[in-house]
Amino acid sequence: MFDYRLTDEQVALQQLAHEFAEKEIRPIGLDLDHNPDPAKSAYMEPLLEKADKVGLRTMGLPEKYGGGGVDDLFSHCIVAEELSWGNRGVCGMLLSATKITHLLGNEELCPSEEIREKWLRAYCEDPNFLISTATTEPNSGSENLYPYSAPDAGYRTSAVRDGDEYVINGMKHFVSNIGWAKLYFVYVRTDQTKGIDEGASLMMVPRDTPGVSHGRVHDKMGYRLNLNRELILDNVRIPVENRLGPENCGVSYIRRHMRGDALINAAAMIGLARAAYEDTLEYSRNRVASGKPIIEHQAISMKLIDMYTAIEAARAYVLYAAWRVDAQWNGVDGKNIPGDPKMSPSASYFAHEVACDVTRAAMEIHGGMGVMKELPIEMYFRDAHNMMHSDGGNIMKRLKAIRNL
Amino acid sequence: MFDYRLTDEQVALQQLAHEFAEKEIRPIGLDLDHNPDPAKSAYMEPLLEKADKVGLRTMGLPEKYGGGGVDDLFSHCIVAEELSWGNRGVCGMLLSATKITHLLGNEELCPSEEIREKWLRAYCEDPNFLISTATTEPNSGSENLYPYSAPDAGYRTSAVRDGDEYVINGMKHFVSNIGWAKLYFVYVRTDQTKGIDEGASLMMVPRDTPGVSHGRVHDKMGYRLNLNRELILDNVRIPVENRLGPENCGVSYIRRHMRGDALINAAAMIGLARAAYEDTLEYSRNRVASGKPIIEHQAISMKLIDMYTAIEAARAYVLYAAWRVDAQWNGVDGKNIPGDPKMSPSASYFAHEVACDVTRAAMEIHGGMGVMKELPIEMYFRDAHNMMHSDGGNIMKRLKAIRNL
Amino acid sequence: MVDFSLTEKQLEYQKIAHDFARDEIRPISLELDHKEDPLECAYMPHLLEKFDKAGLRTMSIPNEYGGGGVDDLLTHCIVGEEISWGDRGATGFLLSTTKVTHVLLSKLIGDKELADYWLREYVKDPTFLIGTATTEPLSGAENQLPYNGADGGYRTTAVRDGDDYIVNGKKHFISNVGWARLMFTFVRTNPSVGVEQGASLLMVPMDTPGVRMGKVHNKMGYRLNQNAEIIFENARIPVKYRLGDENGGVSAIRRHLRGDALINAAGQIGTARAAYEASLEYAKERIASGRPIAHHQSVGLKLVDMYTKLEAARSFVWQAAWRQDVRNEIPIDPPMTLAASAFAHEISCDVTKMAMEIHAGVGVQRENFLEKWFRDCHNMLFSSDGGNNMKKVRAMYALTGEWGARSEEENPVSGGAYVAVGDGL
Amino acid sequence: MVDFSLTEKQLEYQKIAHDFARDEIRPISLELDHKEDPLECAYMPHLLEKFDKAGLRTMSIPNEYGGGGVDDLLTHCIVGEEISWGDRGATGFLLSTTKVTHVLLSKLIGDKELADYWLREYVKDPTFLIGTATTEPLSGAENQLPYNGADGGYRTTAVRDGDDYIVNGKKHFISNVGWARLMFTFVRTNPSVGVEQGASLLMVPMDTPGVRMGKVHNKMGYRLNQNAEIIFENARIPVKYRLGDENGGVSAIRRHLRGDALINAAGQIGTARAAYEASLEYAKERIASGRPIAHHQSVGLKLVDMYTKLEAARSFVWQAAWRQDVRNEIPIDPPMTLAASAFAHEISCDVTKMAMEIHAGVGVQRENFLEKWFRDCHNMLFSSDGGNNMKKVRAMYALTGEWGARSEEENPVSGGAYVAVGDGL
C-alpha cells in the first residue's frame with residue numbers, strides 16, 4: 001500500500017548525512033573547488049576519514065564484514081541527496097561502496113569467499129579505502145554503455161592469458177578515484193575477435209600491482225571534488241582468480257549484477273539542485289530592488305516556483321524508480337515486483353536536466369552575484385552541467401531507455 | 001530595398017577581425033582563461049597593442065581625432081561577432097571605443113571641444129588607452145538599468161559641489177577595465193533627495209586623480225579575459241567641466257545619447273555560439289561511435305541542426321535590430337526611420353539565450369571531453385552563461401522591452 | 001515506510017474505471033466531440049447512467065448515504081486517470097461527486113437535515129450532478145487569488161429580503177449547467193467591500209424560478225464536459241441555503257472546501273497516456289525507409305521523453321495526493337498540490353504535442369483521436385482551476401507564505417479525508 | 001549593402017494583401033472553420049474570385065501571360081504573412097500559383113506550347129487552382145527524404161500504353177482536390193527499383209476519366225485549405241503530359257522544381273502575429289487585481305517573448321528568402337531555407353500557445369479566433385512540407401552534405417527567380 005514515509009532508520013541516515021554535509025563538507029567545499037590544481041580539488045583523506053567515523057563510507061557494505069548493511073537503493077538515494085547538497089563530488093564515496101558490494105558480494109561473479117572476505121573486510125577496516133571502476137578509453141565512451149558489439153568498437157585494453165595469470169595492457173581515462181583508490185575494477189577485452197558483449201571480461205587489479213601507473217589528472221569544469229584520472233596498465237600481471245565472472249562473459253552479463261548507480265547519481269543531482277534553490281530563495285527574500293524584495297516581483301517568483309516544481313517532480317520520480325529497483329531485487333511483502341529496465345535511465349536523465357535548469361535559473365536570479373566565485377551558485381551550475389555526460393550522458397540515457405520501450 | 005550584402009568596407013573589417021581572432025586571440029585565450037588569478041586572466045596590454053596596430057582598438061572613434069571613423073552599429077556587430085569567435089572577453093575593446101565616442105562626441109553632453117579633442121585624441125594616440133563606465137554598486141544593480149526613480153533606490157555614490165569642483169565619494173563594483181583603463185565615467189547622485197532619473201549625473205574621472213583606488217578583482221566563472229574590478233572613490237575632486245550633461249540631468253537623459261552597446265554584446269554572443277558550433281560540427285564528423293561518425297546518428301545531428309538554426313535566427317535578428325538603430329540615428333536614403341525601443345533588448349536577450357542553449361548542446365555532444373579544460377568547449381559554456389546577467393540580465397532585458405510593448 | 005504498491009481496493013477501482021473507459025467512453029468519445037453544436041457534445045444522461053451502474057458516480061459518498069465510501073484522494077486520482085484515458089471530459093462526473101460530498105459534510109453546513117436530504121437525493125437519482133459557479137465575464141483570475149478591492153471579484157449579488165436572498169447576476173464558463181440540479185454559487189452579499197469581507201456562498205437548486213442557462217460555450221477541447229452561462233434574475237433562495245456565515249469572505253469559505261486540482265492533474269496524465277500508447281503502437285508499426293519509425297532515433301527519443309514525463313508526473317501527483325490523505329500525520333505542504341497539478345498539465349501538453357509530431361500528417365486528421373487529445377490537454381492547460389499560470393501564481397504565494405497555507409486547525413472538514421489546501425471550488 | 005527597407009512595389013502588395021485579409025478573409029474565416037463537414041470549410045470559389053480581382057491570384061505569373069510578374073520570393077513571403085494573418089488556409093492560393101508558374105517554366109517541360117496553353121488558362125479562369133500529389137497512405141516522410149529501396153516511396157504506378165500512361169493508385173492529404181483543374185502527380189514508372197531510378201512526374205487534368213476525389217480529410221486546423229484523397233483507376237494520361245524524363249528519379253525531378261517552404265513559414269508568422277496582436281490588445285484592456293493584466297509581469301513577460309520570437313523569425317525568413325532571390329550572386333545555402341522554415345513553424349506554435357495562456361478561459365472558446373489560430377499553427381507544425389521533424393532531418397542532411405544541396409548549374413530554372421534548393425513540391 002502506498003506510503004511515502006521514511007522508516008526511522010532512513011530518517012536517521014538522512015539526518016546523519018545532512019549534518020555531515022553541513023558541518024564537514026560545506027565548510028571546505030568551495031575552497032577545494034577553487035583550487036586550480038585538479039589533483040588538490042579532489043576530496044582527500046581527511047574528509048573520507050571523517051565520513052568513515054560516522055559510518056557513511058561503509059554504510060553499503062554487508063554487516064558481516066564490518067559494513068553498515070544498508071542494502072537498499074532507496075536509502076542510498078536519500079543519503080546521496082544530502083551529501084550532494086553539501087557537494088556533488090562527495091557522492092562518489094557511496095558509489096564506491098555499492099559497487100564493491102555488488103561485484104564481490106555476488107556468487108556468480110565472485111565464487112571465492114576468500115577473495116570476498118579479504119577485500120570487503122579490507123574496505124571496512126581501512127578508513128581511506130575506496131575502489132575505482134575503469135571503463136572509458138580515449139576512443140570509446142558511450143559505445144561501452146550502450147553496447148555496440150562489434151570487434152572494432154568498445155574498449156581496447158586487453159588481457160591475455162599466460163598460465164595462471166592475465167597480462168593486461170592498455171590505458172583508461174576519465175576514471176574516478178584512480179591513484180588513491182586501492183582496488184581497481186578494469187574492463188578488458190579477452191577476445192579481440194568479438195565485440196564487447198562476447199569478448200569482454202572484468203579484472204580486479206590492486207593499485208600496487210607492478211605495471212600500474214597513473215597519468216594526468218583531468219582538469220574539469222565542475223565536479224572537481226571528485227578525482228578523475230588516467231590509468232595506465234603496462235604488462236600488469238594478475239592471478240586468474242582476480243577475474244570476475246566467466247572469461248568473455250561480456251559487458252551485459254556483468255552489468256546485470258550491478259544495480260542502481262544511475263539513480264544514486266540522479267538523487268545526487270536533486271541534492272545539488274536543492275542547494276541552489278534554497279540559496280536562491282533566501283537571496284530573493286533579502287535582495288531588495290525597486291522598493292521590495294525581489295521575490296515579490298513575479299518575474300522572479302515565477303522562476304522560483306518552476307524550480308521548486310522541477311525538484312519535487314524529480315525527487316518523486318527518482319525515489320519511485322529506486323523503490324522499483326529494490327522491489328525487483330529484494331521483493332515487497334515476500335514477492336518480487338518485475339522491474340522496468342527503461343525507468344532507471346529515464347528518471348536519471350530527467351533529474352540531470354532538472355539540475356541544469358534549476359542551477360541556471362539560480363544563476364539568473366542572482367544576477368551578477370551568480371557568476372562570482374565568492375558564492376557557491378556558479379559552482380552548483382558548473383557541477384550540474386559537468387554531470388550531463390555522466391553514465392554515458394543524457395542522450396545515451398535516452399537511448400538506453402528507448403531500447404526498452 | 002532589401003539587401004543583405006555587406007559593403008566592401010564591412011567585408012574588409014570582418015576579415016580583419018577574423019584574422020585577428022584567429023592569429024592573436026585564440027592562441028592565448030585558453031591559457032589566459034585558465035589562469036586562477038583573475039587579474040592575470042584579463043586581457044592585457046600586449047593584445048591591446050596588437051589590436052591598435054591593425055586599427056581595431058580605435059575603429060569607432062572619429063577620423064578627425066585619429067580614429068577609424070566607423071560610426072554605424074551594424075559594422076560593430078559584424079566585428080564583435082568575429083572578435084568574440086576568438087574570445088568573448090575581448091569585445092570590451094569595442095564597447096570602450098563606442099562609449100567614449102558617444103559620450104564625448106555629443107554636444108549636449110560635452111559642449112567643450114577642448115575636452116573632446118583632448119580625450120579622444122589621447123585615446124587614439126595611446127595604444128593602451130581604454131575607458132571604463134562605472135554604474136553598479138553592491139546594493140543597486142538592475143534598478144539602475146530599469147530606472148526605479150525613488151530617492152532610496154539606485155546607486156549611492158555621491159558628488160557634492162564645492163566651488164568649481166565636485167567631491168566624489170562612494171564605491172562601485174563589477175566594473176569592466178577598472179585599474180588599467182585610463183579614464184572612468186562614473187554615475188553619481190548629485191541630489192540625494194530625488195531618484196536617479198532626477199538626481200543623477202555623470203562624471204568623468206581620470207584614473208590618476210587623487211582619491212581613486214582599486215579594490216578587489218572579481219573572480220568570475222567565465223568572461224575571464226574581461227577584467228571586472230571594484231572602484232573606490234574617496235574624496236575625489238574633479239573640476240565641474242568634467243560633468244557630462246546638466247547637473248541632475250538624470251540617467252534616462254544620459255542614456256538617450258548612448259546607443260547600441262546591447263547589440264554589440266548580442267552580436268558577440270553569436271560569435272561565441274558559432275565558435276562552439278563549429279568545433280562541435282568538426283568533432284561530430286571525426287568522432288566515431290557504434291561504427292560511424294556520430295554526426296550520422298540522428299540523436300546528434302538533430303541537435304546540430306537546432307544549434308545551426310538558433311545561431312542563424314539570432315544573427316538575422318540582431319543585424320536587423322542594429323540596422324534599425326542606425327536607420328534611426330543616421331537615416332537611410334536621407335530619411336530617418338523611427339526606432340522601436342523594445343527591439344534592442346528583445347534581440348539582445350534572444351541572442352544571449354541562444355548562446356546558452358548552443359554551448360550547452362555543444363558540451364552535451366562532446367560528452368566527457370566537453371567538460372575537460374583541455375578543449376575550449378567548457379570555456380565557451382562558462383562564457384555564455386556568465387553573460388546571462390550582462391546589461392541587467394535577461395529578465396531585465398525583457399522588462400525593458402515590456403515597457404515599450 | 002515508503003511503499004508504492006496499490007491496495008486491493010485501489011486495483012479493483014482502477015480496473016472498473018479502465019474497463020468502463022474502454023467499453024463505454026472511448027466508443028462514443030470522438031463522435032460526441034465532433035458535434036458542431038456544443039450542446040450535443042455533453043455526455044449526459046446516457047453515459048451518466050452507465051457510470052452510476054458501474055458504481056463510479058457515487059464512489060466518494062459515505063456508506064451511510066448509500067455511496068461507495070472511498071474517501072482518499074489517491075484512489076480518486078487513480079480512477080481519474082483511467083476515466084480520462086477514455087475521455088478527459090468524463091472526469092467531470094468524479095468532480096461533481098467529490099465536491100457535493102465535501103461541501104455538504106463540511107462545517108459550512110448549519111442545517112444537517114438539509115445536507116442529508118441532498119446527499120440522499122444525489123445517490124438516489126442516477127443522473128444527479130452538481131456545479132460550482134465562481135467565474136464571471138469580468139472576474140476570473142482575481143477570484144483564484146483574491147483581490148480584495150471593492151472593484152474586483154464576482155459581481156453577482158444576493159440581497160436579503162426576509163427569509164430569502166434575491167440573487168441577480170451572470171456567471172460563465174460553468175460546468176454542468178443544463179444538467180446539474182444544484183449549483184454552489186459565490187455571490188456578493190455586501191458589494192461595497194472586497195470579496196474577503198463581502199462574499200457568501202449559496203446552494204442554488206437549478207429549478208428555482210429566475211435561474212436559467214445562458215449561452216453554451218463552444219470550446220476547443222474538453223467538449224464532452226458542458227460549460228455554459230447561468231443567469232440569475234431576481235431568483236429567490238432561502239437563507240437556510242447559505243453555506244457558512246453571511247459575508248464570511250472568500251478565503252474563509254474556501255478554507256472549508258476541498259478541491260480537485262489533483263484529480264484534474266491525474267486526468268491530464270490519463271489523456272496524455274492514451275496519446276503515448278497510441279504513438280508507441282503507431283511507431284512500431286509504421287515503416288519508413290525500411291524500418292519502423294520507432295527505430296529512427298528522432299522518433300525513439302520523443303517516445304522516451306513522453307514516457308519519462310508521464311512517469312515523473314504520476315509519481316509527483318500521487319505523492320501530493322498521499323500527502324493530503326495523511327495530513328493528520330505530516331505537515332501540510334500547500335504548494336505541492338498546486339505545483340504537481342501545474343506540472344501534470346504542462347507535460348500533458350508536451351506529450352500530446354509529441355504524439356502529434358510522431359503521427360505527422362495522420363495526427364491532424366479528425367478521424368483519429370490524436371488531435372482531440374491534443375486539444376483536450378491544451379484546453380485544460382489554459383482553463384482548469386484558473387489556468388496553469390494562475391496555479392503557479394497561487395503556488396508561489398503559498399510558497400512565500402503570503403497566501404493559502406493554513407494550519408490543520410484552520411482547515412477542519414468533518415468527514416472524508418482530503419483537503420486541497422487553498423484549493424477551493 | 002545591407003538594407004531592410006521594402007520597395008514601393010512590396011509595400012503596395014503588402015497593403016493589398018492586408019486589406020484583403022482584413023476585409024474579405026477574416027469576416028468569414030471563423031464560420032468556415034467551424035463547419036463540421038470539411039467539404040464546407042474550403043474557401044472556394046467565392047473567396048477565390050475576389051482574390052483574383054485583387055490581383056493576388058496571378059501575381060506570380062509573368063507579365064506576358066497576363067500575370068503580375070512578381071518573381072521574387074521575398075514579396076511572396078510578405079504577401080503570405082498578410083494573407084495568413086487573415087486565415088492560414090488562404091495562403092494555399094499563393095502556393096498554387098507559384099507552383100504552376102515554376103513547374104511550367106522549368107526545363108522539365110518539353111512542349112512549350114502545352115505550357116503556354118495551361119499558363120494562359122490559369123490566368124483566364126479566376127477559379128483555377130492546381131495541386132501537387134506526392135503523399136500516399138504508406139509513404140510520407142520517406143518521400144521527403146528519398147529512401148531508395150524498391151519497397152519504399154509512393155506506389156501509384158503509370159504503365160506505358162502507346163501514347164498514354166495508364167495510372168493506378170491512391171494519394172492522400174492532397175491540397176485542393178475537388179477544386180484544382182491540374183494535378184502534378186508523382187508516379188512510379190518502374191516499380192521494381194527505388195524512386196531515384198523509377199519515378200516520374202505527370203501533369204494530370206482533373207477531368208480525365210478514371211481520376212476522382214476520395215475522402216475529404218477532416219483536420220484539426222488549416223481547415224480552409226481542403227485536403228482530400230485522389231484515386232486513379234486506369235486513368236489515361238498522354239505521354240506528352242509527362243514532365244522530365246521517364247524514370248528521371250525523384251531527386252532529379254525535384255531539382256527542377258521550386259518550393260514554398262518559406263511562403264509557408266511566412267504564413268505561420270502571419271497567423272502567430274494575429275494571435276500576438278489580439279493578446280496585446282486583450283492584455284491592455286482586461287483588468288485583474290486593479291490593473292490591466294499586461295502590467296502583471298507574468299503576462300507582460302509572455303507578451304515580450306511573443307514579440308521577440310515573431311521578430312526573430314521574420315528576420316530569419318526574410319534573410320533566407322533574399323538569399324534565394326540573389327542566388328546568382330552569392331553561394332546557395334541550402335539548409336537555411338529549411339532551418340528558417342522549421343524555426344518559424346516552431347515559434348508560431350509557441351506564440352499561439354502563449355496567446356492562449358494569456359486569454360485563459362476565454363482563449364478556448366470557439367467564438368474567438370485564438371483557439372483556431374492555435375489549431376492552425378499546430379496543424380502545420382505537424383504536417384507542412386513533411387512536418388517540422390522532417391524539415392529538420394532534411395536540413396541536417398543538407399548541412400552535412402549528404403543530400404539536397406547542388407550547384408546552381410544543377411538547379412536551372414528558365415524563368416522567374418527563386419529556387420528552394422532541395423525543397424520540391
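By convention here, each chain's residues receive numbers from 1 onward along its written sequence. Chains and ligands are labelled sequentially in the order written, the chains with letters from A and the ligands with numbers from 1. A pLDDT threshold of at least 70 governs which residues receive local features in this predicted model, and a stricter bar of 80 or more applies before side-chain atom pairs are shown or counted, although totals over entire chains, interfaces and linings include all residues. Side-chain numbers come from the whole structure's heavy atoms, not from hydrogens or water.

Strands are runs of DSSP state E lasting at least two residues, helices are runs of H or I lasting at least four, and both sets are numbered from the N terminus onward. Along chain C, the regular secondary structure elements total 13 helices and 10 strands. For this analysis, residues touch if any pair of their heavy atoms sits within 4.5 Å. Put simply, of all contacts in chain C between residues at least 6 apart along the chain, 75% involve residues at least 24 apart. In short, Shrake-Rupley with a 1.4 Å probe defines the accessible areas, and a residue's cover is counted only from the protein chains shown. For chain C, the accessible surface area stands at approximately 13,300 Å², while carbon and sulfur atoms represent 50% of it.

On to the overall build of chain A. When its secondary structure is counted, chain A shows 14 helices and 10 strands. Its C-alpha atoms put chain A at 80 × 50 × 40 Å along the principal axes. Counting every position in chain A, which comprises 405 residues, the buried fraction comes to 65%. Neither His nor the chain ends is counted toward charge; the positive residues are Lys and Arg and the negative residues Asp and Glu. Charged groups are reduced to one reference atom each: NZ for lysine, CZ for arginine, CG for aspartic acid, CD for glutamic acid. Chain A carries 45 positive and 56 negative side-chain charges, and their two centres are separated by 3 Å. Here the term buried applies to any residue with accessible area under 20% of the maximum for its type, exposed to any over 50%, and partly exposed to those in between, with areas from a 1.4 Å probe on protein chains only.

Here the focus is the interface of chain B and chain A. Between chain B and chain A, the residue contacts involve 44 residues of the former and 44 residues of the latter. Salt bridges are counted wherever a side-chain nitrogen of Lys or Arg sits within 4 Å of a carboxyl oxygen of Asp or Glu. Our enumeration of links across chain B and chain A arrives at 4 salt bridges. Close ionic contact of Asp357 of chain B with Arg360 of chain A constitutes a salt bridge, the shortest N to O distance being 3.3 Å. Pairs of N or O atoms are called polar contacts if they sit within 3.5 Å, as long as, within protein, a hydrogen donor faces a hydrogen acceptor (for residues adjacent in sequence, only side-chain-to-side-chain pairs). Counting across the chain B and chain A interface gives 10 residue pairs in polar contact (both at pLDDT 80 or more). Ranked by residue count, the leading element in the side of chain B that touches chain A is helix α12 (residues 343-366) of chain B, at 6 residues.

Moving on to the environment of Ala274 of chain D. Residues and elements named next belong to chain D. Within the secondary structure layout, Ala274 lies in helix α9 (residues 261-285). For Ala274 and Leu105, which are 169 residues apart along the polypeptide, the C-alpha to C-alpha distance reads 35 Å. Dropping the residues within four chain positions of it, Ala274 is found in contact with Arg26, Trp85 and Trp373.

For the coordinates displayed, the defined rule picks out 112 salt bridges over all chains. Here Glu31 of chain C makes a salt bridge to Lys35 of chain C, at a shortest N to O gap of 4.0 Å. With a shortest N-O distance of 2.9 Å, Glu371 of chain D and Arg375 of chain D are connected by a salt bridge. One end of the pair is Glu371 of chain D and the other is Arg375 of chain D, both in helix α12 (residues 370-383) and 4 residues apart, which spans about a single turn. What makes Glu371 of chain D buried here is its relative accessible area of 0%.

The subject of this paragraph is the packing of helix α10 (residues 261-286) of chain B against helix α13 (residues 377-386) of chain B. All names here are of chain B. All axes are obtained by fitting lines to C-alpha atoms, using only the stretch in contact for helices, and the reported angles, taken between N-to-C directions, cover 0 to 180 degrees. Where α10 contacts α13, the axes come no closer than 10 Å and their chain directions differ by 155 degrees. By the angle between their directions, the pair α10 and α13 is classed as roughly antiparallel. The two elements α10 and α13 meet at a crossing, and its hand is left-handed. Listed contacts from α13 to Met269, Leu272, Ala275, Ala276, Asp279 and Thr280 of α10 are Ile377, Tyr380, Asp383 and Ala384. Think of it as three bins: nonpolar holds Ala, Val, Leu, Ile, Met, Phe, Trp, Tyr, Cys and Pro, charged holds Asp, Glu, Lys and Arg, and polar takes everything else, Gly as well. Classifying every residue of the contact of α10 with α13 gives 7 nonpolar, 1 polar and 2 charged. An angle counts as roughly parallel when it lies under 35 degrees, as roughly antiparallel when it exceeds 145, as roughly perpendicular when it falls between 65 and 115, and as oblique in every other case. Left-handed describes a crossing whose near helix is turned anticlockwise from the far helix through less than a right angle; right-handed describes the clockwise counterpart.

Residues and elements named next belong to chain A. Ring geometry is summarised as follows: Phe, Tyr and Trp rings, the Trp one being its six-membered ring, pair when their centres sit within 6.5 Å, and such pairs are stacked at plane angles under 30 degrees, edge-to-face over 60 and tilted between the two. All chains considered together, the criterion is met by 38 aromatic pairs over all chains. On the numbers, 6.2 Å between centres and 65 degrees between planes, the contact of Tyr317 with Phe350 is edge-to-face. One end of the pair, Tyr317, is in helix α11 (residues 298-329); the other, Phe350, is in helix α12 (residues 343-366), with 33 residues separating them in the sequence. Given the relative accessible area of 0%, Tyr317 is considered buried. Judged by its relative accessible area of 10%, Phe350 falls in the buried class.

Turning our eyes to something else, we now look at the packing of helix α1 (residues 8-34) of chain D against helix α3 (residues 73-86) of chain D. All names here are of chain D. Interhelical geometry of α1 versus α3 gives an angle of 20 degrees and a closest axis separation of 7 Å. It follows from the interaxial angle that α1 and α3 lie roughly parallel. Considering how the two elements wind past one another, α1 and α3 form a crossing that is right-handed. Contacts from Gln10, Tyr13, Gln14, Ala17, His18, Ala21, Arg22, Ile25, Arg26 and Ser29 in α1 reach Leu74, Thr75, Ile78, Val79, Glu82, Ile83, Trp85 and Gly86 in α3. Its residues placed into classes, the contact of α1 with α3 shows 9 nonpolar, 6 polar and 3 charged.

Attention shifts here to unusual backbone geometry. Positive phi is not limited to glycine here, since Tyr223 of chain A has a value of about 55 degrees. Here Tyr223 of chain A is to be found in the loop between β6 (212-217) and β7 (228-239). A relative accessible area of 9% places Tyr223 of chain A in the buried class. Here Asn176 of chain C, not a glycine, exhibits a phi torsion of approximately 70 degrees, which is positive. Owing to a relative accessible area of 4%, Asn176 of chain C belongs among the buried residues under this scheme.

For the pair chain B and chain A, the superposition axis carries a translation of 0.0 Å, the fit reaches an RMSD of 0.0 Å, and the rotation angle comes to 180 degrees. The operation mapping one copy onto its partner corresponds to a two-fold rotation axis. For chain B, the residue whose C-alpha comes nearest the rotation axis is Pro36 of chain B, separated from it by 2.9 Å. Looking at chain B, 100% of its interface residues are interface residues in chain A too, so the copies touch through the same face. Least squares is the method for superposing the copies, and the C-alpha atoms it fits come from residues with pLDDT of at least 70 in both.

Once that is clear, we can look at a negative patch on the surface. Where like charges cluster on the molecular surface, the negative patch consists of Glu36, Asp37 and Glu40 of chain C together with Glu36, Asp37 and Glu40 of chain D. For Asp37 of chain D, a relative accessible area of 33% corresponds to the partly exposed category. Patch membership requires over 30% relative accessible area and the absence of a salt bridge. Like charges are linked within 9 Å, and nonpolar side chains (Val, Leu, Ile, Met, Phe, Trp, Tyr) within 5 Å.

Reading fine detail from the predicted coordinates is not recommended where pLDDT is low. All names here are of chain C. A score from 0 to 100, pLDDT tells how confident the predictor is in each residue. Looking at chain C, pLDDT values average 85 and 88% of them are 70 or higher. For chain C, helix α13 (residues 387-399) is the element with the lowest average pLDDT, namely 67, and strand β2 (residues 157-161) is the one with the highest, namely 97. Between residues 401-425, whose pLDDT stays under 50, and residues either more than four places distant or in other chains, the model counts 80 contacts. If you check the scores for this complex, the pTM reads 0.81 and the ipTM reads 0.76.

Right, let's get into the environment of Met306 of chain C. All names here are of chain C. In this structure, Met306 sits in helix α10 (residues 297-325). Here the alpha-carbon distance between Met306 and Cys377, two residues 71 residues apart in the chain, equals 14 Å. With near-sequence residues (within four places) excluded, Met306 lies in contact with Ala275, Tyr276, Ser279, Val351, Met354, Ala355 and Ile358.

What follows deals with the pairing of strand β1 (residues 130-133) of chain C. Residue and element names in this part refer to chain C. With burial as the criterion, each face of β1 is covered, one bearing Ile130 and Thr132 and the other bearing Gly131 and Ala133. As paired elements, β1 and strand β4 (residues 182-188) share 4 bridges and run parallel to each other. Paired with Ala133 across the bridge in β4 is Thr185. A pair of strands is considered paired only if DSSP assigns at least 2 bridges between the two.

This next bit is on the pairing of strand β3 (residues 165-176) of chain A. Residue and element names in this part refer to chain A. Across 5 bridges, the pairing between strand β2 (residues 158-162) and β3 is antiparallel. Counterpart to Val160 in the pairing with β3 is Val167. Counting the residues between successive antiparallel strands, the hairpin from β2 to β3 contains 2 residues, one of them, Gly163, with a positive phi of roughly 65 degrees. As judged from the 9 bridges shared by β3 and β7, these two strands associate in the antiparallel manner. From the neighbouring strand, Tyr166 faces β7, where its bridge partner is Ile238.

Another point: the side chain of Glu82 of chain B. In this structure, Glu82 of chain B sits in helix α4 (residues 73-86). The class for Glu82 of chain B is buried, based on a relative accessible area of 4%.

A few words now on the state of the cysteines. We call a pair of cysteine sulfur atoms a disulfide whenever their separation is within 2.5 Å. Under the defined criterion, the tally for this structure stands at 0 disulfides over all chains. Free cysteine Cys124 of chain A: the closest other cysteine sulfur is in Cys110 of chain A, separated by 15 Å. Cys349 of chain C takes part in no disulfide bond, and the closest cysteine sulfur, belonging to Cys377 of chain C, lies 5.9 Å away.

Checked against the element boundaries, Val304 of chain C lands in helix α10. As a C-alpha pair, Val304 of chain C and Leu280 of chain C span 24 residues in sequence and 9.7 Å in three-dimensional space.

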